[in-house]
Amino acid sequence: MTPLRRNIAFAACLATVTLAVLDMQIVSAATVPIVRDLDPVHGVDRIPWLISAYSLAATAALPLYGKLCDVIGAKRVFLGAVAVFLLGSGLCGAAQNMDALIAFRAIQGIGGGGLMSVTLVVMAQLMAAAGRPGSNGGNMGGLIAGAGMTLGPIVGGSLADHADWRWIFYINLPLGVAVLVAAGYTLRLPRQTVARRIDFLGAALVAAFASALLLVTEWGGTDYAWSSATILGLIGAAALLLALFLWRQATAPEPILPLSLLRHPLLGGSFAIQTLLGMALTGSIVYVLMYLQLARGIAATQASLYLIPMAIGMVVIGLVSGRLAYCGWTTRTFVVSGTATATIALALLATSGTGTSLWLIRGEMLLLGLGFGQLLGQLILLAQETAPAHQLGVATTSARFFQTLGSALGTALFGTVLARVYESRVPGSTTSAIAHLRGEAQAEAVRGFVTAAHWVFLCAAGAMALALLLSVLLPKQPRPARPEARRQPAETVPANDG
């Protein structure tokens, strides 16, 4: 690949990551016009499925994508994922009822899961081919992912307010087609020349386990009581599927997620930190927005603007991370610094009350962005640096997989903490009733919610404190994080995935 082709391909990768992350978040801000148009009577009841269908499909497909990258080459998998994503986007935009839209969102999610994870594999191989292995490609991808998480609701709300909701999906088509053309023409990546089998049974088991776990976190305490037969049955099914998956990985000749990766001190530790990061990231975004709306009376659209300082923090750390790497910061150093910064920011958010300065909240969100910005890309990079060359795809997608599972677990944990603490303070009431209360009843409910949010942020800070401990215990890297000193994440082979 010439330098021009590499630059075009890299730009296409960044555009792809932006597409994937925005589409995970963008629909949540447009649910009202979607329901009003497609099913004004019963559509509200189906909103959880509309949002969950994408994340369920994307998470379930992640492990298979990683293995496919290692077996048939990242370029083919990348182009296939983009094509499936575009197919799903076009179908979503043309949907005529809620059932069809939910099904098409699942198709879009299958492609979307590949966009995020496979693109990070492609970026790592591009950096290696350019003679800059371990450069900031993965870090940029991670930062864009984090920025998209915060800006997605803003973009979705703007499109829903000023254009037809279908443009949320149609806007993907021209950009996605441009990515397909650019990547198809420019990408020349290494691929395997030795035939290797794919563990489809293992992929099916881990997909079923992830789906059951995500359904538990989506339904538990909301649609069904935690002690209900449905939730207990799903928990039992998830435990059984996990046991079967681990047995399959221990016995399969070509496992979809080799257990050797989990036993590796650096990889196993980084995956654990990814899980805790997913928990804390979900808690910070979701419950900061709830705090602003319920405790401070800020409208939903205006509340989403408070996520901008967090995005700014991620961008700032992305701009200075290269300079810090040249000054001798290793990837492990970034992880230690990032977990410490995020822990402090979440602990400060836990002190927020009904009279806390909104500028202080913005400052805490900026600090949180500085912390998360050091983690999102660097943890991916740590996995890519450490994994064997022939397992680059599996290691990259596994990092994303564990972060997604952590996000699901955080949703369930923090939701339960919020509900239990609020109920203890305001018996017989729920947080959804706060907006309809008046006078002293509303003031009491708001105080109860602030106390509940305090414990949620403390739990998130505790998760990041545990991540800080794990990061300190990570084995020290023998090499600096300077781009020219990092080893190649993937060895080139004679064949070319062109």
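Residues numbered from 1 in each chain as written. Predicted model: local features only at pLDDT ≥ 70, side-chain atom pairs only at ≥ 80, totals over all residues. Heavy atoms only, no water.

**Brief notes about the overall build of the protein chain**
Defined as follows: Elements are defined by DSSP. Helices are runs of H or I of four residues or more, strands are runs of E of two residues or more, and each kind is numbered from the N terminus. Note on classification: 1.4 Å probe, protein chains only; a residue is buried when its accessible area is under 20% of the maximum for its type, exposed when over 50%, partly exposed between these limits. Contacts are assigned to residue pairs that have any heavy atoms within 4.5 Å of one another. Using the Shrake-Rupley algorithm and a 1.4 Å probe, accessible areas are obtained, with residue cover drawn only from the displayed protein chains.
In terms of helices and strands, the protein chain carries 18 helices and 2 strands. Within the span of the protein chain, comprising 498 residues, buried residues form 56% of the whole. Across the protein chain, every contact between residues at least 6 apart in sequence was considered, and the portion connecting residues at least 24 apart equals 83%. Surface summary for the protein chain: the accessible area is close to 19,600 Å², and the carbon and sulfur share equals 66%.

**A short note on the packing of aromatic side chains**
Two aromatic rings, taken as a pair, are described by how far apart their centres are and by the angle between their planes. The line we're drawing: To pair, rings of Phe, Tyr and Trp, with the six-membered ring standing in for Trp, must have centres within 6.5 Å; the planes then decide the type, stacked if under 30 degrees apart, edge-to-face if over 60, and tilted in the middle.
Counted by the stated rule, this structure contains 5 aromatic pairs. An angle of 80° between the planes, with centres 6.0 Å apart, marks the rings of Trp-167 and Tyr-170 as edge-to-face. Of this pair, Trp-167 and Tyr-170 both sit in helix α7 (residues 167-170), 3 residues apart, which is roughly one turn of the helix. Owing to a relative accessible area of 47%, Trp-167 belongs among the partly exposed residues under this scheme. Geometrically, the ring pair formed by Phe-401 and Phe-402 is edge-to-face, given 6.0 Å between the ring centres and 75° between the ring planes.

**Focus: the confidence of the model for the protein chain**
Rules: Per-residue confidence from the prediction method is given by pLDDT, with values spanning 0 to 100.
Taken over all residues, the pLDDT of the protein chain has a mean of 80, while the share at 70 or more is 84%. Predicted confidence in the protein chain is weakest over strand β2 (residues 496-497), with a mean pLDDT of 56, and strongest over helix α15 (residues 331-349), with 92. The model gives residues 478-495 a pLDDT under 50, and that stretch makes 53 contacts with residues more than four places away or in other chains.

**Some words on helix α14 (residues 308-326)**
Applicable threshold: One fewer than the residue count of a helix, multiplied by 1.5 Å, yields its expected span. The angle separating two fitted axes, one through the seven residues that finish at a residue and one through the seven that start at it, defines the bend at that residue.
Between the first and last C-alpha of α14 there are 28 Å, a value that for 19 residues agrees with the 27 Å anticipated at 1.5 Å per step. Within α14, the axis deviates most sharply at Val-320, by approximately 35°. Among all positions in α14, only Pro-309, Met-310, Ala-311, Gly-313, Met-314, Ile-317, Gly-318, Ser-321 and Ala-325 are buried. Immediately downstream of α14, the backbone of Gly-328 shows phi near 110°, a positive value.

**A look at the side chain of Thr-386**
Formally: Each polar contact in these results corresponds to two N or O atoms within 3.5 Å; when the atoms are within protein, one needs to be able to donate a hydrogen and the other to accept it, and residues that are neighboring in sequence are counted only if both atoms are side-chain atoms.
Examined against the element boundaries, Thr-386 turns out to sit in helix α16 (residues 358-386). A polar side-chain atom of Thr-386 sits 2.7 Å from the main-chain carbonyl oxygen of Leu-382.

**A short note on a nonpolar patch on the surface**
Just so we agree on the cut-off: Residues enter a patch when their relative accessible area is above 30% and they make no salt bridge; the linking distance is 9 Å between like charges and 5 Å between nonpolar side chains (Val, Leu, Ile, Met, Phe, Trp, Tyr). Should a side-chain nitrogen of Lys or Arg be within 4 Å of a carboxyl oxygen of Asp or Glu, the pair is scored as a salt bridge.
On the surface, a nonpolar cluster with roughly 630 Å² of combined accessible area is contributed by Leu-305, Ile-308, Ile-312, Val-315, Val-316, Leu-319, Val-320 and Leu-366. For Ile-308, the location among the structural elements is in helix α14.

**Focus: the nonpolar core**
Applied cut-off: What makes a nonpolar core is a set of buried Ala, Val, Leu, Ile, Met, Phe, Trp, Tyr and Cys residues whose side-chain atoms join them at distances within 4.5 Å.
In this structure, Phe-78, Val-118, Val-122, Leu-126, Leu-187 and Phe-271 are the most contacted members of the largest nonpolar core, which totals 65 residues. Contact partners of Phe-271, with chain neighbours within four places excluded, come to Leu-261, Leu-262, Ala-383, Ala-395, Ser-398, Ala-399 and Phe-402. In this structure, Leu-266, Met-279, Ala-445 and Val-450 belong to the second largest nonpolar core, which totals 55 residues.

**A few points about the packing of α15 against α16**
Selection rule: Here an angle of 0 to 180 degrees is reported between the N-to-C directions of two axes, which are lines fitted to C-alpha atoms, with helices fitted over the stretch in contact. If an angle is under 35 degrees, it is roughly parallel; if it is over 145, roughly antiparallel; if it lies from 65 to 115, roughly perpendicular; otherwise it is oblique. A crossing counts as left-handed when the near helix is turned anticlockwise from the far one by less than a right angle, and as right-handed when that turn is clockwise. Amino acid classes used here: Ala, Val, Leu, Ile, Met, Phe, Trp, Tyr, Cys and Pro are nonpolar; Asp, Glu, Lys and Arg are charged; the rest, including Gly, are polar.
Remark: α15 packs on α16, axes separated minimally by 8 Å, with the N-to-C direction vectors making an angle of 150°. Classed by the angle they form, the pair α15 and α16 counts as roughly antiparallel. The handedness of the crossing between α15 and α16 comes out as left-handed. The class makeup of the residues in the contact of α15 with α16 is 18 nonpolar, 8 polar and 2 charged.

**Re the packing of helix α12 (residues 265-295) against α16**
Viewed as axis vectors pointing N to C, α12 and α16 meet at an angle of 155°, and their least axial separation amounts to 10 Å. By the angle class used here, α12 and α16 are roughly antiparallel. Along this stretch, α12 crosses α16, giving a crossing that reads as left-handed. Partitioned by chemical class, the residues of the contact of α12 with α16 number 21 nonpolar, 4 polar and no charged.

**A closer look at the pattern of salt bridges**
Tallied over the entire structure, the rule returns 4 salt bridges. Lys-67 is the partner of Glu-254 in a salt bridge, and the nearest nitrogen-oxygen pair spans 3.1 Å. Placement of Glu-254 in the loop between α10 (229-251) and α11 (259-263) and of Lys-67 in helix α3 (residues 47-72) is noted, with a sequence separation of 187 residues between them. When the shortest N-O distance is used, the salt bridge between Glu-440 and Arg-447 registers 2.9 Å. Looking at Glu-440, the relative accessible area reads 53%, which means it is exposed. Note on Arg-447: relative accessible area 44%, which makes it partly exposed.

**A word on the environment of Leu-19**
Examined against the element boundaries, Leu-19 turns out to sit in helix α1 (residues 3-25). Expressed as a C-alpha distance, the spacing of Leu-19 and Leu-115, which sit 96 residues apart in the sequence, is 8.1 Å.

**Digging into the side chain of Thr-119**
Structurally, the position occupied by Thr-119 is in helix α5 (residues 98-129). The contacts of Thr-119, once residues within four sequence positions are left out, are Cys-13, Thr-16, Val-17, Phe-78 and Gly-114.

**Observations concerning the environment of Phe-449**
For Phe-449, the location among the structural elements is in helix α18 (residues 439-473). The class of Phe-449 is buried, set by a relative accessible area of 1%. Separated by 95 residues in sequence, Phe-449 and Thr-354 have C-alpha atoms that sit 10.0 Å apart. Beyond its immediate stretch of four places on either side in the chain, Phe-449 contacts Met-290, Tyr-291, Leu-294, Ala-295, Leu-418, Tyr-422, Thr-431 and Ile-434.

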